[in-house]
Amino acid sequence: MADSPSLSTGFTSQSIQNTLHQVATSLPTPRKQNIACDACRNRKVKCHQRVGQEKHCQTKGYPCTFFVQQATSEKKRGTGSTRRRGSSISSECAGPFQVQTSLLAAPTTPATPTTPRLPATFNHPSLPVGTSGHQSHSLSPRVSDDQNNIMQLILYLLTPEDPSQMPTYLSNGGYRGYRHTGHEKNYVSWGEIGRKLEDQVFRTEFALDLVEVYFQICHTRMPLLSPDEFRNDLRKCIPSNLLAQLTMPVSFLQAPQIHSADPDRTVHPALLAIVLAWGAKFSEHPILVQDRTENGGRSCIAQTLLSKSREVAEAEKVHRVATPDHIVTALLMEPLQSQNPNDPDGTRHFWVSCAIRHLFDLQINHRSSKDNFVNGELKGTLRLAWWIAVLGDAYCAAFFRKKCVIEDEDYNIDVLDEEQTEAHHAGNMNGTSSAQSQYHSWMMAAHTMARCARLMARQLWRPVTEAEGIPAEQVYHIAKLLDNWRDEYLTRVGVPSNFQAEWDFVAAVSACSSDAQFHVLWVVLYNAIDEFGIREFNDATRSGQSPSRLVNYAQIETVKNRVSDEALRGALRIAGLAGVLTSNGYLRLDPNVLHFAIYAAGVLLARLGRPEVRACVAGLQQYGYAYEEAFSQAAEIEQLFNENGSGLLPDTQFVDPFTHS
């Protein structure tokens, strides 16, 4: 099957997809330890390991005690581990950076039904014995069973929903099957589209196309999966007779064969469901274009995949069992949800909270957790998942008036390890701009902004704040933190003054999102002050006094005006960013990163009667092709703008964000 038309320009090539995952999940190279055998150590020679051979000391005729030492150490570790209840999660990876996140915790074939055989790569007291990445626990399916399971899952996901019929979940031999009875009848409701999807070959090719769209667009924002390994695991789930009939995407054909100690490892059902749901939001496949054309710009297929991916995640107990696969699935699930507060299936901070609880259970927030991991790649992926959860939790709480799950004292790990910090500073001093250094700069800036957003959520959305107002001291503090972030990071991770029109999709959206996330926090702060007021002013009014008689009235009024000016300036800058991204068609491909910022800026500009609001409306209309609620938000802003003919705040000259940093 040919790649989607909109992706023919190659926003992210296959090599870039793997590089993004490698950069984001790579950990510093561990310091070398002296693991030479006694014979080599005594003779002061290197103890090299040759491909296909043992230590070179054996080839020299010397007795090597390395394996004796290793066995003794493992025996000691095994004795110590029996003192606490633990289990093993295996992750066999290929390459120094590739992480098995398509099935991070692969179940292994048990020796007996009651005694699972699992490699000892991770031990943690909070996991029950026999816990694996799949919900099947100790009863792992054979590959042939998984093929049947995954093909049933794809059939279930790409079948129209029937309100009169509940989906049936089947348990057989430790795995969950998905069957939607009467699917032939249901396909009639999709008309010509349904008749095409009824064909197994076409349906499978369509699913593979959605996977490719995910890695070309969504993977650039959250590189939690290893593209090659995910493709390999999925390819193993397709029966050979069907595989021979498929016209597969080039990336599937070029994906290297990855050999693992676990030949039965396959893709996790919930992870596959969520990847397909992501792909359907952004794919320009002809069947989806036809679907949107017939439904006024909205896609029934994308909505069905989103709804059913939630059902699969719940059936696989993603929200209940703490495994690496479930953490990744939950983090990918949260940004898919509607941002309409009136939508019962909208963003409720639920899935990111589930991921955070799982990360807490695995103690990823502890600096000492590194001792629990023998597999460094798995550790790198979970550390990346932790920081994505930190950012998502803080922004979700600040934007949607929730309570943060993570507080500052809940973790003692640093954004960069000691070795990474040294390398980052050395790179800055040498003037290098490697991908790793750029990623480190972005991560440090994002974490600092997330801490500010976390403080805002904690101080602004409390019941006492709603009743009494925001203390002036907190307004000063938040404004100071935002000023510090601007001085330290905005020129480094925001839109630079020498903006290049030929920037690619990843660079443009990354810089614009950091820029917009900063400026929208001023808008959030202004909205809170406008709604709740300043506590000192409110107290004076309630006591019958004039706020102007307060000793610190001038200081409080100054900071209020400052917040108002920054909010308007920020909204205008976001509108400028939205206009440029919309003209390039990038918002059509943005996985919900800039959505809230554009909406919040549009509401403020509409209230003030500013004509620049039209850029936000156009941006939300382009967003609507992937997130349907954006159509309604654009109409809401247009109506609000028509009701306000003049501004409420002093006019501020608009500054082009691409000519001024």
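Nothing here was measured: the structure is a model prediction, and the numbers come from that model.

Describing the overall build of the protein chain
Regarding its fold elements, the protein chain presents 27 helices and two strands. Burial status across the protein chain gives 55% buried among its 661 residues. The long-range share in the protein chain, meaning contacts at least 24 apart out of those at least 6 apart in sequence, stands at 78%. When the accessible surface of the protein chain is summed, it comes to about 28700 Å², and 51% of that surface belongs to carbon and sulfur atoms.

Remarks on the packing of aromatic side chains
Scanning all chains against the criterion turns up 18 aromatic pairs. Both rings, one in Trp 461 and one in Phe 532, keep their centres 6.3 Å apart while their planes meet at 70°; by these two values the pair is edge-to-face. Of this pair, Trp 461 sits in the loop between α19 (435–460) and α20 (463–468) while Phe 532 sits in helix α22 (residues 505–532), and the two are 71 residues apart along the sequence. For Phe 532, a relative accessible area of 11% gives the class buried. With a centroid separation of 5.9 Å and an interplanar angle of 45°, the aromatic rings of Trp 485 and Tyr 489 are classed as tilted. One end of the pair is Trp 485 and the other is Tyr 489, both in helix α21 (residues 472–493) and four residues apart, which spans about a single turn.

What about the packing of α22 against helix α25 (residues 595–607)?
Where α22 meets α25, the closest approach of the two axes is 9 Å, and the angle between their N-to-C directions is 50°. Between α22 and α25, the angle falls in the class oblique. In the crossing of α22 with α25, the sense of the turn from one axis to the other is left-handed. Residues Ala 516, Gln 517, Val 520, Val 523, Val 524, Tyr 526, Asn 527 and Asp 530 of α22 form the contact with α25, whose participating residues are Phe 596, Ala 597, Ala 600, Leu 604 and Arg 607. Of the residues contributing to the contact of α22 with α25, the split by class is nine nonpolar, two polar and two charged.

Quick notes on helix α16 (residues 350–361)
Here α16 spans 17 Å end to end across 12 residues, near enough to the 16 Å set by a 1.5 Å rise per residue. For α16, the complete set of buried residues consists of Trp 351, Val 352, Ser 353, Cys 354, Ala 355, Ile 356, His 358 and Leu 359. Positive phi shows up at Gln 363, right after α16, with a value of about 60°.

Considering the nonpolar core
Within the largest apolar cluster, 167 residues are counted, with the highest numbers of intra-cluster contacts made by Phe 230, Leu 272 and Trp 278. With 17 residues, the top contributor of residues to this core is α22. For this core, the domains that each give at least three residues are domain 1 (146–160 + 186–414) and domain 2 (471–646).

Here we look at the pattern of salt bridges
As enumerated under the stated definition, the model contains 20 salt bridges in all. As a salt-bridge pair, Arg 458 and Glu 407 come within 2.6 Å of each other at their nearest N and O atoms. Residue Arg 458 is located in helix α19, and its partner Glu 407 is located in the loop between α17 (376–400) and α18 (418–430); the two are separated by 51 residues in the primary sequence. Accessibility expressed as a relative area gives 30% for Arg 458, which makes it partly exposed. Looking at Glu 407, the relative accessible area reads 15%, which means it is buried. Two residues, Glu 566 and Arg 562, come together in a salt bridge whose shortest N-O distance is 3.2 Å. Here Arg 562 and Glu 566 lie together in helix α24 (residues 553–583), a separation of four residues that amounts to about one turn. When salt bridges that share partners are traced, they join Asp 483, Arg 486, Arg 562, Glu 566 and Arg 569 into one network.

Let's talk about the environment of Phe 206
Checked against the element boundaries, Phe 206 lands in helix α8 (residues 200–217). For Phe 206, a relative accessible area of 0% gives the class buried. In the structure, Phe 206 is positioned 70 residues away from Leu 276 in sequence and 9.6 Å away in space, judged by C-alpha atoms.

Concerning the environment of Pro 611
Position of Pro 611 among the secondary structure elements: in the loop between α25 and α26 (613–623). Spatially, the C-alpha atoms of Pro 611 and Phe 641 are 8.4 Å apart, while their sequence positions differ by 30 residues.

Comments concerning the side chain of His 447
Looking at where His 447 falls in the secondary structure, it is placed in helix α19. The class for His 447 is buried, based on a relative accessible area of 12%. A polar contact of 2.8 Å, which involves the side chain of His 447, links it to the side chain of Tyr 411. Excluding its chain neighbours within four sequence positions, the residues that come into contact with His 447 are Trp 387, Val 390, Leu 391, Tyr 411 and Val 415.

Description of the packing of α24 against α26
At a minimum axis separation of 8 Å, α24 and α26 run at an interaxial angle of 45°. Overall, the two elements α24 and α26 adopt an arrangement that is oblique. The way α24 lies across α26 gives a crossing that is left-handed. Only Ala 615, Cys 616, Ala 618, Gly 619 and Gln 622 of α26 make contact with α24, whose side of the interface consists of Ala 575, Ala 578, Gly 579, Leu 581 and Thr 582. In terms of residue class, the contact of α24 with α26 is made up of six nonpolar, four polar and no charged.

Brief notes about helix α14 (residues 300–315)
Between its first and last C-alpha, α14 extends 22 Å over 16 residues, near the 22 Å set by a 1.5 Å rise per residue. Within α14, 12 of the 16 residues are buried, which leaves the element mostly enclosed by the surrounding structure. Of the positions making up α14, those classed as buried are Ile 301, Ala 302, Thr 304, Leu 305, Leu 306, Ser 307, Lys 308, Ser 309, Arg 310, Val 312, Ala 313 and Ala 315. The distance from a side-chain oxygen at the start of α14 to the backbone nitrogen of Ile 301 is 3.4 Å, and the residue carrying that oxygen is Ser 299. Just downstream of α14 lies Lys 317, where phi reads positive at about 60°.

As for the confidence of the model for the protein chain
Taken over all residues, the pLDDT of the protein chain has a mean of 75, while the share at 70 or more is 64%. Throughout residues 164–177 the model reports pLDDT below 50, and contacts reaching past four residues in sequence, or to other chains, amount to 36 contacts.

Rules and cut-offs
Residues numbered from 1 in each chain as written. Predicted model: local features only at pLDDT ≥ 70, side-chain atom pairs only at ≥ 80, totals over all residues. Heavy atoms only, no water. Helix = DSSP H or I, 4+ residues; strand = E, 2+ residues; numbered from the N terminus. Buried < 20%, exposed > 50% of the residue type's maximum accessible area, 1.4 Å probe, protein only. Contact = heavy atoms within 4.5 Å. Areas by Shrake-Rupley, 256 points an atom, 1.4 Å probe, with all protein chains shown as cover. Phe/Tyr/Trp six-rings, centres within 6.5 Å; stacked < 30°, edge-to-face > 60°. Axes fitted to C-alpha atoms, helices over the stretch in contact; angles between N-to-C directions. Parallel < 35°, antiparallel > 145°, perpendicular 65-115°, else oblique. Left-handed = near helix turned anticlockwise from the far one by under 90°. Nonpolar A, V, L, I, M, F, W, Y, C, P; charged D, E, K, R; others polar. Expected span 1.5 Å × (residues − 1). Core = buried A, V, L, I, M, F, W, Y, C linked by side-chain atoms within 4.5 Å. Domains from an automatic or database assignment. Salt bridge = Lys/Arg side-chain N within 4 Å of Asp/Glu carboxyl O. Polar contact = N/O pair within 3.5 Å; in protein donor to acceptor, adjacent residues only side chain to side chain. pLDDT = per-residue confidence, 0-100.

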